[in-house]
Amino acid sequence: MILFNLYKAFFVIGLLAFGGGYASLPMIQEIIVNNTKWLSITEMIDVVTLSQLTPGPIAVNAASFVGTKMGSIPGAIFATLGVVTPQIILMLILGRMVFSGKKILVFDKMLGALRPGVVGLIATATLSMMYSSMYIEKIAKPDFIGIMGFVVGFLLYIKKVDMVKIIGVGAVVGILLGSFGI
């Protein structure tokens, strides 16, 4: 039954998550963290972090992670198939239309209308993850390590430091703080 539930949950995410990666995060959070309780918000942030270190879309990486946690390798396969099935169907239909030479005005207008919504979804995901990273879970108390990490990462980004270096600095700081039990 868990395999079907994983497929169904990620099928819905794949079907309705327009805008890709970060725009799909609020939906993934709503379904996987809030509704099914398969992940905590902290684990969700870990999924996003790991997704930045591995190739592929965030939704596929999340499906693989949650599927593995809930149903081992078969769970990862079912969840991943669930999230990609809607795109496969949509691309087959749209590919046929596009390569037939037809102009799809409705589709163009729909994409234009979705852009502002996608920006809003990305902002929602950013604020939610920022809050969860900088405040200790279930306590409205600031997590100074999280705040410090955000400030340092933001300053490095402003100074146009390469993203790989920012991730590397974060990993080294995390290892050092972890080794001192902080």
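Everything numeric in this text was worked out from a predicted model, so none of it was measured.

It is not clear to me how the overall build of the protein should be interpreted in this structure. Could you clarify?
The number of helices and strands found in the protein is 7 helices and 0 strands. Counted from the first residue to the last, the protein has its helices and strands arranged as α-α-α-α-α-α-α. Looking at the 182 residues of the protein, the share that counts as buried comes to 27%.

Honestly, the pattern of salt bridges in this entry has me stumped. Any pointers?
A side chain of one charge can pair with a side chain of the opposite charge if their charged atoms are brought near each other. Under the counting rule described, the total for this entry stands at 1 salt bridge. E43 is paired through a salt bridge with K69; the nearest N and O atoms lie 3.1 Å apart. Pair noted here: E43 is in helix α3 (residues 41–53) and K69 is in helix α4 (residues 58–99), with a separation of 26 residues, a long-range link. Residue classification places E43 among the partly exposed residues on the basis of a relative accessible area of 25%.

Explanation requested: the nonpolar core in the structure shown.
Nonpolar side chains in soluble globular proteins tend to end up buried together. Formed by 26 residues in total, the largest nonpolar core has its most connected members in F10, I13, I32 and M44. Among the secondary structure elements, those contributing two or more residues to this core are α1 (2–16), α2 (21–35), α3, α4 and α5 (105–134). With 7 residues, α4 is the single largest residue contributor to this core. Setting aside its immediate chain neighbours within four residues, M44 contacts L25, I28, Q29, V33 and L39.

Explain the packing of aromatic side chains here, please?
Each aromatic ring pair is described using two quantities: the centre-to-centre distance and the angle formed by the ring planes. Inspection of the entire model under this criterion finds 1 aromatic pair. Each ring, one from Y7 and one from F11, has its centre 6.0 Å from the other, and the planes form 25°; the classification is stacked. Of this pair, Y7 and F11 both sit in helix α1, separated by 4 residues, roughly a single helical turn. Look at Y7 and you get partly exposed, because its relative accessible area is 25%. Judged by its relative accessible area of 25%, F11 falls in the partly exposed class.

Honestly, a nonpolar patch on the surface in this entry has me stumped. Any pointers?
On the surface, F150, V151, F154, L155, Y157, I158 and M163 cluster together to form a nonpolar patch covering roughly 670 Å² of accessible area. Residue contributions to the nonpolar patch peak at 6 residues, all from helix α6 (residues 144–158). Relative to the assigned elements, I158 resides in helix α6.

Can you walk me through unusual backbone geometry in this structure?
Glycine aside, negative phi is the norm for most residues, and most peptide bonds take the trans geometry. Within the chain, K37 stands out as a residue other than glycine whose phi angle is a positive 60°. Mapped onto the secondary structure, K37 falls in the loop between α2 and α3.

Looking at this model, I keep getting lost on the packing of α1 against α2. Mind explaining?
Angle between the axes and distance between the axes are the two parameters that describe a pair of packed helices. Remark: α1 packs on α2, axes separated minimally by 10 Å, with the N-to-C direction vectors making an angle of 165°. Here α1 is positioned roughly antiparallel relative to α2, judged by the angle of their axes. Here α1 and α2 pass one another in a crossing that is right-handed. Residues A9, F10, V12, I13 and L16 of α1 form the contact with α2, whose own contacting residues are M27, I28, I31 and I32. Of the residues that constitute the contact of α1 with α2, the class distribution is 9 nonpolar, no polar and no charged.

Can you help me understand the packing of α2 against α3 in this one?
In the contact formed by α2 and α3, the axes pass within 11 Å of each other and the chain directions differ by 145°. For the element pair α2 and α3, the recorded crossing hand is right-handed. Counted together, Y22, L25, I28, Q29 and V33 of α2 and I41, M44, V48 and Q52 of α3 form the full contact between these two elements. Partitioned by chemical class, the residues of the contact of α2 with α3 number 7 nonpolar, 2 polar and no charged.

Thresholds applied
Residues numbered from 1 in each chain as written. Predicted model: local features only at pLDDT ≥ 70, side-chain atom pairs only at ≥ 80, totals over all residues. Heavy atoms only, no water. Helix = DSSP H or I, 4+ residues; strand = E, 2+ residues; numbered from the N terminus. Buried < 20%, exposed > 50% of the residue type's maximum accessible area, 1.4 Å probe, protein only. Salt bridge = Lys/Arg side-chain N within 4 Å of Asp/Glu carboxyl O. Core = buried A, V, L, I, M, F, W, Y, C linked by side-chain atoms within 4.5 Å. Contact = heavy atoms within 4.5 Å. Phe/Tyr/Trp six-rings, centres within 6.5 Å; stacked < 30°, edge-to-face > 60°. Patch = residues over 30% accessible without salt bridge, like charges linked within 9 Å, V, L, I, M, F, W, Y side chains within 5 Å. Areas by Shrake-Rupley, 256 points an atom, 1.4 Å probe, with all protein chains shown as cover. Axes fitted to C-alpha atoms, helices over the stretch in contact; angles between N-to-C directions. Parallel < 35°, antiparallel > 145°, perpendicular 65-115°, else oblique. Left-handed = near helix turned anticlockwise from the far one by under 90°. Nonpolar A, V, L, I, M, F, W, Y, C, P; charged D, E, K, R; others polar.

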